[in-house]
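Each chain is listed here by its residues.
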Amino acid sequence: MRIIRTIAEVRDAVRAARDTGASVGLVPTMGAFHEGHLSLIRRARAASDLVVVSLFVNPTQFGANEDLGAYPRDEAGDAALAEAEGADILFAPAVEEIYPDGFATTIHVAGLTEVLDGASRGTHHFDGVATVVTKLFGIVRPDVAYFGQKDAQQVLVVRRVVRDLDLDVRIEACPIVREADGLAMSSRNVYLDPAARQQAAALNRALDAASALHQHGERQSEPILDAVRRVLAEAGIAPEYIELRDADDLHEITRVENDALLAVAARVGAARLIDNHILRGDA
Ligand code: AMP
């Protein structure tokens, strides 16, 4: 596996592979790898000839009061894990390589970015995501790019950018990888002390309770949302949001008819955590 830091070199490496007919898979990440990241790399490895993993803690998607400075970083550990999964290139650029002096362009997706995490964190968050992902697509020009369903809204935003800007890349969303007690894996879980770590498992327990209600035939939003609220309250967690929205366009719904995204965000101990389940529609 090569570790590459410049756009010019990664372009050369991808071009050389493409000239031999290779297909290219891209896994964009911010590092501090866990099984969630590795599941994406595995999917890419199984489907593509050339697997590029990007590692870039993207400053523009963090708010002024967020954890950019504290975000866990372990490039050497990540490189070893990516190599063990068969990645061909780890693209780990410096901030100035991605955002040189004079950088002035922002990709903004209207609508989708204004709810859920966009409302909680501010629309700058998804502007930062959309801009850096568009740049990564321009640099690597992958056939397929892999994203985790853990960040469900991010997947929708990226899909919209691809559709609206006619980018020639297929987006594959991969299932959420969880710890044994159901906690969705996240680089931010390292912020949890033992008590908070135990408390954090209530997020998925709450979503499970709601999914069970839905499976037993409940279609109204309020009882489903109430199930989530109840379990979080029992665990002493005050949510930032608990919402049920259409899984494709994120409009708020009062009944589950088509696929619905049940999404939750909460601060648990020192970490801000998000999680979600898809409730399948009858349509
Ligand atoms: P991050 O490094 O947190 O930006 O995540 C990089 C990619 O891994 C994103 O597409 C995430 O959605 C995905 N990812 C993060 N956590 C998980 C998880 N627990 N299961 C599946 N994918 C994940």
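Everything discussed here concerns the structure shown above.
If you're wondering where the values come from, they're calculated on a predicted model, not measured in any experiment.

1. Re helix 6 (residues 124-140)
Since the α-helix advances by 3.6 residues per turn, residues separated by three or four positions end up pointing in the same direction.
Alright, step 1. Under the 1.5 Å per step criterion, the end-to-end length of helix 6 is 24 Å for 17 residues, consistent within 8% with the ideal 24 Å.
Alright, step 2. Counted residue by residue, helix 6 has 14 buried out of 17 residues, so it is predominantly covered.
Alright, step 3. Arginine 141 lies just past helix 6 and shows a positive phi near 45°.

2. Some thoughts on the packing of aromatic side chains
Alright, step 1. In total, this model carries four aromatic pairs according to the counting rule given.
Alright, step 2. On the numbers, 5.7 Å between centres and 80° between planes, the contact of phenylalanine 62 with tyrosine 71 is edge-to-face. As far as burial versus exposure is concerned, phenylalanine 62 and tyrosine 71 are alike and both buried.
Alright, step 3. By the ring-pair criterion, three or more aromatic residues cluster together here, those being Phe56, Tyr99 and Phe103.

3. Side note on the pairing of strand 8 (residues 260-268)
Alright, step 1. Summarising burial for strand 8: eight of the nine residues are buried, a large majority.
Alright, step 2. Pairing analysis gives seven bridges linking strand 7 (residues 239-246) to strand 8, with the strands arranged antiparallel. Note on strand 8: the bridge partner recorded for tyrosine 241 is alanine 265.
Alright, step 3. Both strand 8 and strand 9 (residues 271-279) contribute to a ladder of nine bridges, which runs antiparallel. Along strand 9, the bridge assignment pairs alanine 260 with leucine 279.

4. Here we look at the packing of helix 9 (residues 202-215) against helix 10 (residues 221-234)
Helices that pack against each other are described as a pair by the angle of their axes relative to one another and the distance between those axes.
Alright, step 1. One way to put it is that helix 9 packs onto helix 10 with a least axis distance of 8 Å and a crossing angle of 150°. Between helix 9 and helix 10, the interaxial angle falls into the category roughly antiparallel. Helix 9 and helix 10 meet at a crossing whose hand is right-handed. Across the interface between the two elements, Ala202, Leu203, Arg205, Ala206, Ala209, Ala210, Leu213 and His214 of helix 9 pack against Pro223, Ile224, Ala227, Val228, Val231 and Leu232 of helix 10.
Alright, step 2. Of the residues in the contact of helix 9 with helix 10, the class split is 12 nonpolar, one polar and one charged.

5. A look at the side chain of asparagine 276
Alright, step 1. Assignment of secondary structure puts asparagine 276 in strand 9.
Alright, step 2. In terms of polar contacts, asparagine 276 uses its side chain to reach the backbone carbonyl oxygen of glutamine 149, at 3.0 Å.
Alright, step 3. From its side chain, asparagine 276 meets the backbone oxygen of lysine 150 in a polar contact 3.2 Å long.
Alright, step 4. Not counting residues up to four positions away in its chain, the partners in contact with asparagine 276 are Gln149, Lys150, Ala152, Ile176, Arg178, Leu207, Leu261, Leu262 and Ala263.

6. Concerning helix 1 (residues 7-19)
Alright, step 1. Over its 13 residues, helix 1 extends 18 Å from the first C-alpha to the last, a length consistent with the 18 Å expected when each residue adds 1.5 Å.
Alright, step 2. Taken residue by residue, helix 1 has Ile7, Val10, Ala13, Val14 and Ala17 as its buried positions. Buried residues along helix 1 cover an arc of 135° about the axis, so they all sit on one side.
Alright, step 3. Glycine 21 sits one or two residues past helix 1 and shows a positive phi near 90°.

7. Considering the pattern of salt bridges
Oppositely charged side chains may form a pair once their charged atoms are brought near each other.
Alright, step 1. This structure, assessed with the given rule, holds 21 salt bridges.
Alright, step 2. Notably, a salt bridge pairs glutamate 85 with arginine 42, separated by 3.0 Å at the nearest N-O pair. Of this pair, glutamate 85 sits in the loop between helix 3 (75-84) and strand 4 (89-91) while arginine 42 is found in helix 2 (residues 35-47), placing the two residues 43 residues apart along the sequence.
Alright, step 3. Assessed through its relative accessible area of 19%, glutamate 85 is described here as buried.
Alright, step 4. For aspartate 226, the salt bridge identified is with arginine 229, shortest N-O distance 2.8 Å. Of this pair, aspartate 226 and arginine 229 both sit in helix 10, three residues apart, roughly one helical turn.
Alright, step 5. Among the residues examined, aspartate 226 registers a relative accessible area of 35% and is labelled partly exposed.
Alright, step 6. Residue classification places arginine 229 among the partly exposed positions, given a relative accessible area of 34%.
Alright, step 7. Among the charged side chains, a salt-bridge network with shared partners connects Glu35, Arg42 and Glu85.

About the cut-offs
- Per chain, residue numbering runs from 1 following the sequence as it is written.
- Totals for whole chains, interfaces and linings use all residues, but because this is a predicted model, local features are given only for residues with pLDDT of at least 70 and pairs of side-chain atoms are given and counted only at 80 or more.
- Computation of side-chain values: all heavy atoms of the structure, hydrogens and water removed.
- Numbered from the N terminus, helices here are DSSP runs of H or I no shorter than four residues, and strands are runs of E no shorter than two.
- Residue count minus one, scaled by 1.5 Å, sets the expected span of a helix.
- Between buried and exposed lies partly exposed: a residue is buried under 20% and exposed over 50% of the maximum accessible area for its type, with that area taken using a 1.4 Å probe on protein chains only.
- Here a pair means two rings of Phe, Tyr or Trp (six-membered ring of Trp) with centres within 6.5 Å. Their orientation is stacked below 30 degrees between planes, edge-to-face above 60, and tilted elsewhere.
- We call two strands paired when DSSP finds no fewer than two bridges between them.
- Note on geometry: axes are lines fitted to C-alpha atoms, helical ones only across the stretch in contact, with angles between N-to-C directions running from 0 to 180 degrees.
- Angles are sorted into four bins: roughly parallel if under 35 degrees, roughly antiparallel if over 145, roughly perpendicular if 65 to 115, and oblique for all others.
- By the definition used in this description, the sense in which the near helix is turned from the far one sets the handedness, with an anticlockwise turn below a right angle giving left-handed and a clockwise turn giving right-handed.
- Contact definition: two residues touch when any of their heavy atoms are within 4.5 Å.
- Each residue receives one of three labels: charged for Asp, Glu, Lys and Arg, nonpolar for Ala, Val, Leu, Ile, Met, Phe, Trp, Tyr, Cys and Pro, and polar for the others, Gly being one of them.
- Any pair of N or O atoms that falls within 3.5 Å is considered a polar contact. Within protein, one atom must be able to donate a hydrogen and the other to accept it, and sequence-neighbouring residues count only if both atoms are side-chain atoms.
- Taking the helix axis as origin, the arc is that swept by the directions to the C-beta atoms.
- By salt bridge we mean one thing: a side-chain nitrogen of Lys or Arg within 4 Å of a carboxyl oxygen of Asp or Glu.

Purely geometric numbers; function is a separate question.
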